[in-house]
Amino acid sequence: MSPLSSRDPATRGLGMTSQRARDRMIATLVEAGIRDARVLDVMRQLPRHLFIDEALASRAYENTALPIGQGQTISQPYIVARMTEALIEHALPRRVLEVGTGSGYQCAVLARLVEQVYTVERIEELLRNARRRFRKLGLANIRSRHDDGRLGWPDEAPFDAIIVTAAGAALEPGLLDQLVPTGCLVAPVGPPGRQELLRVRGGEEGWVSERLGAVSFVPLLGGTG
Ligand code: SAH
């Protein structure tokens, strides 16, 4: 892993966006049960304040979801850490598909951990902002696409892992078809107020699903915006 450039003061952060603020966020994640040192290290380095509006930057390292425009949110740091940890726990995937780029933060965390990330977002303006952030941070191993991510990215399939960051009523069955047979998918599923995080892993007995706890995500919607 190459270190993130920290010469740019805006990237490094000051005061509420400083390294100390990031360290405090990491301490909160450890208290909340996140154990994977790889995930904690990446989140300790990555400037989350660059993924949200400047007006909210002082809250970037609170353990909370924040608005990113278009009625969407950047996920709570704990949820990003938990989902990433669950995705890489049994094997570090090489190629990962993300559905729901949003701010790009989850994607950037993954890009620091795996070889190649593919991300799909249905709202063009959010995607444009996310791409700008990827460029600014020099994250060159991300390919992104404006589309309905429920369809996955068939031309680039199969993936070693898929992460969905918006909640559908049920698991999108087509996404499992885009995983390798030993692949791993992490996704929130269920109606608002009753969503659960699911992990599905492939093995000798086919797909095995586990419930990882209650979550609250914006809805997985159809079409593009
Ligand atoms: N991973 C994001 C979370 C953003 S919230 C982050 O780290 O910031 C979920 C995102 O999923 C929103 O941006 C929303 O527009 C997007 N989304 C919802 N339905 C989608 C779909 N069918 N295809 C692609 N993106 C979708």
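Let us look at the structure shown here. (Residues numbered from 1 in each chain as written. Predicted model: local features only at pLDDT ≥ 70, side-chain atom pairs only at ≥ 80, totals over all residues. Heavy atoms only, no water.)

1. So, the pattern of salt bridges
For the record, the criterion: What counts as a salt bridge is simple: a side-chain nitrogen of Lys or Arg found within 4 Å of a carboxyl oxygen of Asp or Glu. Numbering of helices and strands runs from the N terminus, with a helix taken as a DSSP run of H or I at least four residues long and a strand as a DSSP run of E at least two residues long. The buried label applies to any residue whose accessible area, calculated with a 1.4 Å probe on protein chains only, is under 20% of its type's maximum; exposed applies above 50%, and partly exposed to all values in between.
Here the structure, examined in full by the defined rule, presents 14 salt bridges. Residue Glu156 is joined to Arg95 by a salt bridge in which the shortest nitrogen-to-oxygen separation is 3.2 Å. Here Arg95 lies in strand S3 (residues 95-99) and Glu156 lies in the loop between strand S5 (142-146) and strand S6 (159-164), a separation of 61 residues in the sequence. The class of Arg95 is buried, set by a relative accessible area of 14%.

2. Quick look at the nonpolar core
What counts, and what does not: Only buried Ala, Val, Leu, Ile, Met, Phe, Trp, Tyr and Cys residues count toward a nonpolar core, and they belong to the same one when joined by side-chain atoms within 4.5 Å. Here a residue-residue contact requires only that any non-hydrogen atoms of the pair lie within 4.5 Å.
Counting residues in hydrophobic clusters, the biggest one holds 51 residues, and the most contacted among them are Met43, Phe51, Leu87, Tyr105, Val109 and Phe134. At the level of secondary structure, the elements contributing two or more residues to this core comprise helix H2 (19-31), helix H3 (37-45), strand S1 (66-69), helix H4 (77-88), helix H5 (105-111), helix H6 (124-136), S6 and strand S7 (179-189). Leu87 has contacts with Pro93, Val96, Leu110, Ala161, Ile162, Ile163, Cys184 and Val186, leaving out every residue within four places of it along the chain. Ranked by size, the runner-up nonpolar core spans 16 residues in total, among them Val99, Trp153, Ile162 and Leu220.

3. Side note on the sheet that holds strand S4 (residues 116-121)
This is how the line gets drawn: Any two strands with at least two DSSP-identified bridges between them are counted as paired. Axis definition: a line fitted to C-alpha atoms, over the contacting stretch in the case of helices. Angles run 0 to 180 degrees between N-to-C directions.
Taken in spatial order, the seven strands line up as S5-S4-S3-S6-S7-S8-S9 in an open sheet, and their pairing is mixed. Looking at which strands have only one partner, the edges of the open sheet turn out to be S5 and strand S9 (206-214). In this sheet, neighbouring strand axes are inclined to one another by 15° on average, regardless of whether the strands run parallel or antiparallel. Here S3 runs beside S4; their pairing, made up of five bridges, is parallel. Residue Arg95 lies in a different strand from S4, and its bridge partner there is Gln116. Along the sheet, H4 contacts S3, S6, S7, strand S8 (196-203) and S9; its crossing angle with S7, the most-contacted strand, is approximately 160°. Relative to S5, H6 is tilted by about 165°, and along the sheet it contacts S4 and S5.

4. Points about the pairing of S1
Sheet analysis places S1 next to strand S2 (residues 72-74), joined by three bridges and oriented antiparallel. Each bridged residue has a counterpart across the sheet, and for Gly69 the counterpart in S2 is Gln72. Between S1 and S2, which follow one another and run antiparallel, lie two residues, and Gln70 among them has a positive phi close to 60°.

5. Quick notes on the packing of aromatic side chains
Inclusion rule: Put simply, two rings from Phe, Tyr or Trp (the six-membered ring, in Trp's case) pair if the centres are within 6.5 Å, and we call them stacked under 30 degrees between planes, edge-to-face over 60, tilted for the rest. Charges are assigned to positions over rings by a cutoff of 6 Å between ring centre and Lys NZ or Arg CZ, combined with an angular limit of 35 degrees from the ring normal.
On inspection of all chains with the given rule, the structure shows three aromatic pairs. Note on Tyr118 and Trp153: the rings are 5.4 Å apart at their centroids and 85° apart in plane angle, and the pair reads as edge-to-face. Of this pair, Tyr118 sits in strand S4 while Trp153 sits in the loop between S5 and S6; the two residues are 35 residues apart in sequence, bridging distant segments of the chain. A relative accessible area of 6% places Tyr118 in the buried class. On the accessibility criterion, Trp153 (5% relative accessible area) is buried. A connected cluster of aromatic rings, assembled from ring pairs, spans Tyr118, Trp153 and Phe159. For Arg48, the ring lying beneath its charged end belongs to Tyr105, and the centroid distance is 5.7 Å.

6. Things to note about H6
Just so we agree on the cut-off: A helix is expected to span 1.5 Å multiplied by its residue count minus one. What the arc describes is the spread of directions from the helix axis to the C-beta atoms.
The first and last C-alpha atoms of H6 sit 19 Å apart over 13 residues, in line with the 18 Å expected at 1.5 Å per residue. Of all the residues in H6, the buried ones are Leu126, Leu127, Ala130, Arg133 and Phe134. End-on, the buried residues of H6 take up no more than an arc of 120°, which puts them together on one face. The outward face of H6, more than 90 degrees from its buried face, is lined by the exposed residues Arg128 and Arg135. Tucked into the core, H6 has its buried residues touching S1, S2, H5, S4 and S5. Looking one or two residues past H6, Gly138 carries a phi angle of roughly 70°, positive in sign.

7. Here's the deal with the side chain of Thr101
In plain terms, the rule: For this analysis, a polar contact is any N or O atom pair within 3.5 Å, provided that within protein one partner can donate a hydrogen and the other can accept it, and provided that sequence-adjacent residues contribute only side-chain to side-chain pairs.
Tracing the backbone shows Thr101 in the loop between S3 and H5. A residue is classified by how much of its surface remains accessible, and Thr101, at 3% relative accessible area, is buried. For Thr101, the side chain forms a polar contact with the side chain of Thr119, separated by 2.8 Å. Dropping the residues within four chain positions of it, Thr101 is found in contact with Thr119, Val120, Glu121, Leu127, Ala130 and Phe134.

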